[in-house]
Amino acid sequence: MSVNEASWAAGTRLRLARQARGLSQQQLAGMAAVTRQAVSAVESGHSDPALALSRALGMTVEELFGPGDPADPVLAQPVAPVGGEGSRVALATVGDTFVALPMNADTLARAGFRPAGGLVVGQEFHGDLVAVRPIAPPRSTLVVAGCDPALPLLKTPLALLDPPVGFAWWPCGNSEALRLAAAGLVHAAGVHQPGDEAEIPDGAEVVGFTSWREGLVIRPGTQITGLDDAARQGLRLVNREPGAQARNLLDGELGRLGLDPADLPGYDSQASGHLQVAAAVAGRLADVGVSSEPAALAYGLTCIPLTEEQVDLVLPAKHAASREVQGLLKVLTSPWLLTQLANLPGYDPGRCGERS
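Everything numeric in this text was worked out from a predicted model, so none of it was measured.

Reading the values: rules and limits
Residues numbered from 1 in each chain as written. Predicted model: local features only at pLDDT ≥ 70, side-chain atom pairs only at ≥ 80, totals over all residues. Heavy atoms only, no water. Helix = DSSP H or I, 4+ residues; strand = E, 2+ residues; numbered from the N terminus. Polar contact = N/O pair within 3.5 Å; in protein donor to acceptor, adjacent residues only side chain to side chain. Contact = heavy atoms within 4.5 Å. pLDDT = per-residue confidence, 0-100. Pairing = 2+ DSSP bridges. Axes fitted to C-alpha atoms, helices over the stretch in contact; angles between N-to-C directions. Expected span 1.5 Å × (residues − 1).

**Remarks on the side chain of Asp312**
Part 1 of the argument: Assignment of secondary structure puts Asp312 in strand E12 (residues 302-315).
Part 2 of the argument: Polar contacts involving the side chain of Asp312 include one to the side chain of Gln310, which spans 3.3 Å.
Part 3 of the argument: Apart from residues lying up to four places away in sequence, Asp312 is in contact with Ala189, Gly190, Val191, Val206, Val207, Gly208, Phe209 and Arg351.

Here you go:
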């Protein structure tokens, strides 16, 4: 390969690496302490300030400008059980810890196929840690756990920050989201009605996100007015996992009406989120379930409200000063996010970004 061809190839790799992180030439130049013109010159094949640029991107010169060897595995804390060798995971750093988010069927159902950050290496478990070989460039990424399907809306405004911040969502119920926050494995936990204040990690800040109603989701024309009617008619239920607020709400309604879980066929089923409950009812896999009104409206279903839920973001104190959390606090009051939330049927963003 001639010198000109090598310079052109190196410039192409630089441009692709920069774009993969969502950086403009000006942003990369500022991070590398070079001029924008220098970045442009490299991408055009006319210059090669390789060391500063590769350091700014968190890569070696060989990784950026040559084929190089695969990255060495890192030890990561999985937020949930991961598969065997070759399993795809999203890889992010939360504080000083690498965190692995399994990319299984439940998460794919919410967002389709997404790029993986790494692959599990064999069965090299080290206590609670798992070995993961990175396959994508490292980037600053906000990691959020929680069940509100509006949380992925944070991805777009975070990507527009200077410098940009990535987004990773682990969908789970209240109890699991708070457990991950207490363990320091997420930057934020999205919860509604967390109950006893002792569940909130010590020193954590609570910031408003949105609110919506939650209740019984049924197909239009179903002749019931409450859970007692569903039990009397033998309607099949789709339930949530233990620890989910929707399941707690259902159990509370059963107790109020003096009903036994055995009175509801399907009580032991477990859907993994609000949209999944609504999808099961819309697809006639079940007749009734407890979910959010926005999820019901998204599937053209009817919701019989049982309660009003306020969704808050719990921010562990140990990550409060991080670039990711500070970026989150910025975007929570952005006009783009507030407009998107306000235009989702059933959502009220009136307290979005409000600190408790």
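**Looking at the confidence of the model for the protein**
Part 1 of the argument: Chain-level pLDDT for the protein is 85 on average; 85% of the residues reach the 70-or-more range.
Part 2 of the argument: For the protein, per-element mean pLDDT is lowest for helix H6 (residues 105-111), which scores 53, and highest for strand E10 (residues 237-238), which scores 97.

**Things to note about the sheet that holds strand E11 (residues 288-292)**
Part 1 of the argument: Spatially, seven strands are ordered E7-E6-E8-E12-E9-E11-E10 in an open sheet, and the strand pairing comes out mixed. Strand pairing shows two members of the sheet lacking a second neighbour, strand E7 (166-170) and E10, which therefore form its edges.
Part 2 of the argument: Looking at chain direction, strand E6 (residues 141-146) and E7 are connected through five bridges and run parallel. Within the sheet, the bridge partner assigned to Val143 lies in E7 and is Ala168.
Part 3 of the argument: Each of E6, E7, strand E8 (188-192) and E12 is contacted by helix H8 (residues 174-182), which is oriented at about 150° to E8, the strand it contacts most.

**Here we look at helix H10 (residues 245-257)**
Part 1 of the argument: If you check H10, its first and last C-alpha atoms are 18 Å apart, about what 13 residues at 1.5 Å a residue would give, namely 18 Å.
Part 2 of the argument: Backbone geometry just downstream of H10 places Gly258 in the positive-phi region, at approximately 70°.

**Let's talk about unusual backbone geometry**
With the exception of glycine, most residues fall at negative phi, and the peptide bonds are largely trans.
Part 1 of the argument: Residues Asp162 and Pro163 are joined by a peptide bond in cis, for which omega reads 0°.
Part 2 of the argument: Considering the arrangement of structural elements, one finds Pro163 in the loop between helix H7 (155-159) and E7.
Part 3 of the argument: With phi around 65°, Arg284 is a residue other than glycine that occupies positive phi space.
Part 4 of the argument: For Arg284, the location among the structural elements is in the loop between helix H11 (274-282) and E11.

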